[in-house]
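# Working through the structure, step by step
Each chain, written out:
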Amino acid sequence: MSQRVVAFLFFAALIAVVLVPPPLAAQTANAVKSWTPPKTADGVPDLQGVYSNATTVPFERPKNLGSKEFYTEQETAEKAKADAAAAAARAARDADPNTVHYDLGQFGLDQRVTAVSNRTSQVIGSEGTIPPLLPEAQARIAAKNAAMRGHNFDDVQHRSLSERCIMWPNEGPPMLSPGYNSDLQIVQGPGYVAIMQEMIHDTRIIPTDGRPHLPENIRVLMGDSRGHWEGNTLVIDTTNFTDRTAFRNSGENLHVIERLTRTSDKTLLYQFTVDDPKTWAKPWSAEVTWVGINNPIYEYACQEGNYGLPNILSGQRAAEKEQANAAK
Amino acid sequence: MRAMFAWLIAGAALLTGLPAWAHHAFAQEFDEKRPIKLQGTVTKWEVINPHSWIHLDVKGPDGKVTSWMIEGGSPNALFRQGFTKDSLPTGSEIVVEGFQAKDGSTRGVGSNVVFKDGRKLFLSNNTPGQNGAAAPEN
Amino acid sequence: MPAAALAALALTGFPALGQQAQAPYRAPRTADGKPNLNGVWQAMNNANWDLEGHAAGMPAKEVVGILGAQFATPPDLGVVDGGSIPYLPAALQKRKDNFASRVKLDPEVKCYMPGVPRATYMPYPFQIVQSTQNVMFVYEYAGSVRVVNMAAPTKAPADSWMGWSNGKWDGESLVVDVTSQIEDTWFDRSGDYHSDALHVVERYTPRSPDTMMYEATIEDPKVFSRPWKISMPLYRHVEKNAQLMEFKCVEFAEEVLYGHLRKPGTDPYTSTNPNK
């Protein structure tokens, strides 16, 4: 049952309202040149707006597709039909009152706006998958798991950063879709680009004045970001991560380079490359197209409403008591 | 290099989100062995994150009233559809099917929550502005 | 001095007499012609301890034996126009009760977002990122943030911790109207509080290249007998490369909030936690 609950939580039904981006070849980092974006009053490219970064493209390429990076027009249509059928089946299951979960559809959390894409995976390139973990990374992760085993519910400190409302993995950087409330807002002031992610309201303020990174000894969960413009693209370089950030099992040497380019009035192309020589043998890259939405960001105050975490610990303490009593 | 294709897809497509938006362990909080079916009157709707909570008074067969709180979803998508904090008024009579908290308290998750007459709580044909909701920008 | 000389002096007048105060400071403009409020700012007072003027005060009983002078309430002249906050008589007791239990009840202890105006005078910097359509205020404390809508005003669908902000320019001032704040925030560490009827109107007025005046008019008919106002200067961080730093305070609040739910026999400092 719990496996099914977990699977449900990973893959919810989704009704995609798809907007129409202009026809663009956007499949390599250098390809987005054929449209001139507007500029802010300060004369830099204007990336501002509120966007959805939800996507129907799987993060890694399904194994059966091998090195196929793009679907044909017909294949994209067929995939959409297959996805729709699968999602309809899940929607039927979601409405099942025997699911130990609230009904996502009831709260509109299965509705989102995505851009069309014919990519077979967000991870680009002929492999379309994240490189395998280096042996030292595997050892690092195994040691962590061993320390956790049997202690997962001992106390709040053993729960995940997301359950604790400290930081959610979608925030990164790199910034990825959290699955719902998949929204971000960009506001630009002279010399700065601010990116606010709805979940969980963290705001990255990225200076573009050429200042250096923080000193090496200062490590922060979301890393320290510095930006500069390359033509119409904002390039963001982030370092100074902690070893608890652990994006896709990486360590504190994680280095993220992101690129944001407006590709139409309604779309932004978001590309990123990550490297960590202690986790992967080579860097890898991915991209997603964001779509402008006509709503503001609504506050997502996580810590302030976090009944779930104490309820989980309390549930576990109750279960332990029950077991202890049964053993008597 | 391929052009991106664009057309309107009506219907559902499979979501790809990060695994960890399953941001907490429902199985640890609520007990599949304790199903509940409650009918009661809404006393408060906490329109908060990460989960909204419906508080309701449930009258037992003996006439005794018990207060329950039922976990629901983040309300932010409801706001985008035009719903507001007034969209589930105090006094509404609702029916909750779901599961009770593992620690036995009068708390549960509502896997199916409807008005007494069987209607879903947040009908998707409500238009923005109907409940005094914020007009979307632009 | 001879009468004629005095008369002559009176006619010419002392240069400053009868003259209005100097013309208001005119801040440099952003590229779209508005006063430029961009930058990293911070209040320099002890309003976060107690808005009203006060002498130095004893730390709360729960911590006085451990933190001593470090957690005393530092003195302050106060930022409230007229000196005291005009509580309704029936509302004053709750302020007193809040003060007595402030360590247990202050939402700041739990790393909850502080709301407006408290976010402005928390003892940490905040940054203004100003564009034509939006002015974003990002506060270092708890990553609190709010976006002030500078287009046609909109309404909030529900209450939130940082409220709902609509803004406009009034000459040299940014005027922000803040509504729909959750009732659970406090104005300071001394238990000054409000209800869900809180309405705040802020004014940010540059007064020199590196300072601006901050004024906030606070209105809440359920708690106060009339609107009242606070005012204070805000100071620009002029050091090179000033920036906000990550201050995710949630984990510092966890023992307070969840320590009682820990598995018996474990300890936050020695348990086998790989995330330390």
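Model, not experiment: these values are computed from the prediction. (Residues numbered from 1 in each chain as written. Chains lettered and ligands numbered in written order. Predicted model: local features only at pLDDT ≥ 70, side-chain atom pairs only at ≥ 80, totals over all residues.)

## Thoughts on the overall build of chain C
A tally of helices and strands in chain C yields six helices and nine strands. Across the 276 residues in chain C, those meeting the buried criterion constitute 34%. The long-range fraction of contacts in chain C, counting pairs at least 24 apart against all pairs at least 6 apart in sequence, stands at 60%. (Helix = DSSP H or I, 4+ residues; strand = E, 2+ residues; numbered from the N terminus. Buried ≥ 20, exposed ≤ 12 C-beta atoms within 10 Å, placed from the backbone. Contact = placed C-beta atoms within 7 Å.)

## Things to note about the interface of chain C and chain A
Contacts between the two partners involve 40 residues from chain C and, on the opposite side, 45 residues from chain A. Looking at the side of chain C that touches chain A, the elements with two or more residues in it are strand 2 (126-130), strand 3 (134-139), strand 4 (145-149) and helix 6 (254-258) of chain C. Counted by class, the side of chain C that touches chain A contains 17 nonpolar, 16 polar and seven charged residues. (Nonpolar A, V, L, I, M, F, W, Y, C, P; charged D, E, K, R; others polar.)

## As for the sheet that holds strand 4 (residues 93-101) of chain B
All names here are of chain B. Strand order in the closed barrel formed by five strands is 1-2-3-5-4, and the pairing between neighbours is mixed. The average undirected angle you get between the axes of adjacent strands in this sheet is 55°. The pairing of strand 4 with strand 5 (residues 107-115) spans seven bridges and is classified as antiparallel. If you follow Val 96 over to strand 5, its bridge partner there is Val 113. (Pairing = 2+ DSSP bridges. Axes fitted to C-alpha atoms, helices over the stretch in contact; angles between N-to-C directions.)

## With respect to the pairing of strand 7 (residues 224-230) of chain A
Where strand 7 of chain A and strand 8 (residues 233-239) of chain A come together, seven bridges link them in antiparallel fashion. Its bridge partner lying in strand 8 of chain A, His228(A) is registered against Val235(A).

## Re the sheet that holds strand 2 (residues 49-52) of chain A
All names here are of chain A. Read from one edge of the open sheet, nine strands run 6-5-4-2-11-10-9-8-7, paired in antiparallel fashion. Of all strands in the sheet, those with a lone pairing partner are strand 6 (203-207) and strand 7, marking the two edges. With direction set aside, neighbouring strand axes in the sheet form an average angle of 25°. With two bridges connecting them, strand 2 and strand 11 (residues 284-292) associate as antiparallel partners. What sits directly across from Ser 52, in strand 11, is Val 291.

## Brief notes about the confidence of the model for chain A
Looking at chain A, the pLDDT average stands at 88 and 88% of residues meet or exceed 70. Every residue in residues 1-32 of chain A is under pLDDT 50, and counting partners more than four places away or in other chains gives 89 contacts. (pLDDT = per-residue confidence, 0-100.)

## Quick word on the confidence of the model for chain C
Residues and elements named next belong to chain C. Mean pLDDT over chain C: 93, with 89% of residues reaching 70 or higher. Confidence drops under a pLDDT of 50 for residues 13-18, and excluding neighbours within four residues, the segment shows one contact in the predicted structure. Across the predicted assembly, pTM comes out at 0.89 and ipTM at 0.90.

## So, the environment of Asp202(A)
Along the polypeptide, Asp202(A) turns up in the loop between strand 5 (192-197) and strand 6. Separated by 98 residues in the primary sequence, Asp202(A) and Tyr300(A) have C-alpha atoms spaced 9.6 Å apart. In contact with Asp202(A), other than residues within four places in its own chain, are Glu171(A), Gln197(A), Met222(A) and Gly143(C).

## Considering the nonpolar core
Core analysis: the largest hydrophobic core is formed by 140 residues, its most contacted members being Val193(A), Ala194(A), Val129(C), Met136(C), Phe137(C), Val138(C) and Tyr139(C). Discounting residues that sit within four places of it in the chain, Ala194(A) has contacts with Ile186(A), Val187(A), Thr203(A), Arg204(A), Ile205(A), Val129(C), Met136(C) and Val138(C). (Core = buried A, V, L, I, M, F, W, Y, C linked by C-beta atoms within 7 Å.)

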